[in-house]
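# Survey of secondary and tertiary structure
Chain residues, written in single-letter form:
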Amino acid sequence: MSKREVEIVVISDVHLGTYGCHARELLKYLKSVKPKMIVLNGDIIDIWQFSKRYWPETHMKVLRKLMKFVVEGVPVHYLTGNHDELLRKFADIHMGAFHLQNKLILELDGKKAWFFHGDIFDVTMQHSKWLAKLGAVGYDTLILINSVVNWCLSLFGREKMSFSKKIKARFKDAVKFINKFEHTAAELAVQNGYDFVICGHIHQPEIRKVTTEEGSVSYLNSGDWVENLTALEYQNNAWKIFKYDARDFEQDEAEEGQLSDGEDLHSKLDINTLLQKIKLEIV
């Protein structure tokens, strides 16, 4: 597959280190694009749920691919989220093409874009972090059970289903939370004179115009790589949502047994040791 040139790629909520993460699919996507800039909008590494017992090779390959972009001079902006909030103490670190920040402001073709993860709008995060962490474990367990059920459905030729999407659709409070999240982000963006506000956190890919009492703004959300497998792409003065479709990457199946970019991961960074040290900081 020839690589597509993209001005900006925005990815969030990958949750590397959890069972629900679709690292293999994300790696295929990253290998299919030639971005001029990458924005990692929070929750890339799930430090909350990190366990040394679970770090598949595909998760390491994703990190190696992102590091390769940095080495090649592609600006990579890592914006912190709640699941990787420990990194916030190191915010505003700039090493070559790698930038660790809490938020990012860019001017795109004469318009101002405001990037941040969005967990600051989550009341649970502000007042009951223990409840949020418990919910994250429950969500990951639900995704794991869902994957087993979908595997069984595939054997019988049945259509796959998403438990969490069905739950969100049935509970009005979940829909209200998403709408309130989007509207709050839009209000702040309008007040600060931004044309675009780009978030993550709620795992809900979206591009839409939001009108408030003070004006209007384009609200965007990059979704996630747990259920939706989506990213935002900016090219030719326009945003679009990329949705992963396995049929578009069938020719890459032959490369499944190869390491990312032909690198020997065992001779590189020991990510297990690194993340274990980071986790110790929490205690």
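Predicted model only: the values in this text are computed from it and were never measured. Residues take numbers from 1 onward in each chain, read along the sequence in its written order. Note on the predicted model: pLDDT of at least 70 is required for a residue's local features to be given, and 80 or more for side-chain atom pairs to be given and counted; whole-chain, interface and lining totals, by contrast, use all residues. The basis for every side-chain value is the complete set of non-hydrogen atoms in the structure, without hydrogens or water.

## A few points about helix α2 (residues 57–71)
- Here a helix means four or more residues in a row that DSSP labels H or I, a strand means two or more in a row labelled E, and each is numbered from the N terminus. Here the expected length of a helix is defined as 1.5 Å per residue gap, with one fewer gap than residues. An ideal rise of 1.5 Å per residue puts 21 Å on 15 residues; α2 measures up with 21 Å between its terminal C-alpha atoms.
- Every buried residue of α2 is listed here: Thr58, His59, Met60, Lys61, Val62, Leu63, Arg64, Lys65, Leu66 and Phe69.
- Gly73 lies just past α2 and shows a positive phi near 90°. Buried residues are those whose accessible area, probed at 1.4 Å on protein chains only, stays under 20% of the maximum for their type, while exposed residues exceed 50% and partly exposed ones sit between those limits.

## Some thoughts on the sheet that holds strand β10 (residues 215–221)
- Overall, mixed pairing links the five strands, which are arranged β6-β7-β8-β10-β9 in an open sheet. At either end of the open sheet lies a strand with only one pairing partner, and these are β6 (103–108) and β9 (206–212). Shown here is a sheet whose adjacent strand axes are inclined to one another by a mean of 25°, direction ignored.
- Here strand β8 (residues 196–199) runs beside β10; their pairing, made up of four bridges, is parallel. Within β10, the position partnered with Ile198 by the bridge is Leu220. Between any two strands, pairing holds if DSSP finds at least two bridges. With axes taken as lines fitted to C-alpha atoms, and helix axes fitted only over the stretch in contact, angles between N-to-C directions fall between 0 and 180 degrees.

## As for the side chain of Asn228
- Within the secondary structure layout, Asn228 lies in the loop between β10 and β11 (230–235).
- Separated by 2.8 Å, the side chain of Asn228 and the backbone oxygen of His203 make a polar contact. Side-chain atoms alone can form a polar contact between residues adjacent in sequence; in general such a contact is a pair of N or O atoms within 3.5 Å, and within protein one must be able to donate a hydrogen while the other accepts it.

## With respect to the sheet that holds strand β4 (residues 93–95)
- Ordered in space as β4-β5-β3-β2-β1-β11-β12, the seven strands form an open sheet in which the pairing is mixed. A single partner strand is all that each edge strand has here, and the edge strands are β4 and β12 (238–243). Mean inter-strand twist for the sheet, computed between neighbouring axes without regard to direction, equals 20°.
- The sheet contact formed by strand β1 (residues 4–11) and β11 spans three bridges and is antiparallel. Residue pairing for β11: Val9 is matched across the bridge by Glu233.
- Sheet contacts for helix α1 (residues 23–32): β1, β2 (33–41), β11 and β12; angle to β1, the most-contacted strand, approximately 140°.
- When checking whether two residues touch, look at their non-hydrogen atoms; a contact exists if any pair is within 4.5 Å. Those strands touched by α2 are β2, β3 (76–79) and β5 (98–101), and its axis lies near 115° from that of β2.

## Topic: the pattern of salt bridges
- Any carboxyl oxygen of Asp or Glu within 4 Å of a side-chain nitrogen of Lys or Arg constitutes a salt bridge here. Across all of its chains, the model carries seven salt bridges by this definition.
- Glu57 is paired through a salt bridge with Lys61; the nearest N and O atoms lie 3.6 Å apart. You can see Glu57 and its partner Lys61 sitting in helix α2, four residues apart, about one turn around the helix.
- For Glu57, a relative accessible area of 42% gives the class partly exposed.
- Overall, the relative accessible area of 5% leaves Lys61 in the buried class.
- Across the salt bridge formed by Glu182 and Arg208, the nearest N and O atoms sit 2.7 Å from each other. One end of the pair, Glu182, is in helix α6 (residues 172–191); the other, Arg208, is in strand β9, with 26 residues separating them in the sequence.

## Looking at the packing of α1 against α2
- In contact at an axis separation of 8 Å, α1 and α2 are set at 25° when each is read in the N-to-C sense. By the criterion of interaxial angle, the relationship of α1 to α2 is roughly parallel. Note on packing geometry: the crossing formed by α1 with α2 is left-handed. Touching Ala23, Arg24, Leu26, Leu27, Leu30 and Lys31 of α1 are Thr58, His59, Lys61, Val62, Lys65, Leu66 and Phe69, all from α2.
- Class assignment of the residues belonging to the contact of α1 with α2 gives a composition of seven nonpolar, two polar and four charged. To sort the angles, those under 35 degrees are grouped as roughly parallel, those over 145 as roughly antiparallel, those from 65 to 115 as roughly perpendicular, and the leftovers as oblique. Helix crossings get a hand from a simple test, with the near helix turned counterclockwise from the far one by less than a right angle marking a left-handed crossing and a clockwise turn marking a right-handed one. Three classes are used: nonpolar for Ala, Val, Leu, Ile, Met, Phe, Trp, Tyr, Cys and Pro, charged for Asp, Glu, Lys and Arg, and polar for all others, with Gly counted as polar.

Nothing here speaks to function; it is all geometry.
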